[in-house]
Amino acid sequence: MHRRTFLRLYPLFAALLVAVLATAATAPATADEGDGPAIRAVITAQMDAFARDDGPAAFAFASPAIRDGFRTPERFMAMVRSSYAVVYRPQSWSFGETIVAGGEHFQVVRLTAPDGARKVAFYLMERQHDGGWRIGGVILDTLPERET
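Reference entry: report on the structure contained in this document. (Residues numbered from 1 in each chain as written. Predicted model: local features only at pLDDT ≥ 70, side-chain atom pairs only at ≥ 80, totals over all residues. Heavy atoms only, no water.)

**Digging into the packing of aromatic side chains**
Taken as a whole and judged by the stated rule, the model has 5 aromatic pairs. Their ring planes at 85 degrees and their centres at 5.2 Å tell us that W93 and F95 sit as a pair that is edge-to-face. Its relative accessible area of 30% is what places W93 among the partly exposed residues. Through a chain of ring-to-ring contacts, the aromatic side chains of F50, F59, F70, F76 and Y88 assemble into a single cluster. Just above the ring of Y88 sits the side chain of R89; from NZ or CZ to the centre is 4.1 Å. (Phe/Tyr/Trp six-rings, centres within 6.5 Å; stacked < 30°, edge-to-face > 60°. Buried < 20%, exposed > 50% of the residue type's maximum accessible area, 1.4 Å probe, protein only. Lys NZ or Arg CZ within 6 Å of the ring centre and 35° of its normal.)

**Some words on the pattern of salt bridges**
All told, the structure shown has 4 salt bridges when counted by the stated rule. In this structure, D53 and R89 form a salt bridge, with 3.0 Å as the shortest nitrogen-oxygen distance. Residue D53 is located in the loop between α2 (35–51) and α3 (55–60), and its partner R89 is located in the loop between α6 (85–88) and β2 (92–101); the two are separated by 36 residues in the primary sequence. Overall, R89 belongs to the partly exposed group, its relative accessible area being 30%. Of the charged contacts, one joins E97 and R110 as a salt bridge, the two residues approaching to 3.8 Å between their closest N and O atoms. (Salt bridge = Lys/Arg side-chain N within 4 Å of Asp/Glu carboxyl O. Helix = DSSP H or I, 4+ residues; strand = E, 2+ residues; numbered from the N terminus.)

**Considering the pairing of β2**
Of the strand pairs in this sheet, β2 and strand β3 (residues 104–112) are connected by 8 bridges, and their pairing is antiparallel. Following the sheet pairing, F95 is matched in β3 by V109. Count of turn residues in the β2/β3 antiparallel hairpin: 2 residues, of which G102 carries a positive phi of about 60 degrees. (Pairing = 2+ DSSP bridges.)

What follows is the structure, encoded as structure tokens:
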């Protein structure tokens, strides 16, 4: 996926996330007990790869569609550095809940950017044929300042 195509599709992905979360028949459910740890392990491994600047390892945790779109770890890492700097080099990060909504699995990750800005990332996770998980996309949003 070329950067231009990715940027054009980003609003559609964000709208899909909002629609899935808003139209779930009931409140979003948490993931099965076994899914959460497995999903968090994939995200942790990719974050560790980013910290080491290990493009091939980070790229390996992306879904097949993401890998097909970017084609090389170098292109993928260039996109992450430019569009997801807080994910690439967070000051700190922690996991929130793992949500299942509309049949999709989302992992919430709270991040603090090097400049102190607080963000939340919604990782769309895709189960693979072998039962493993890969990252299908990430939507970032700004967290409000803490209320006093």
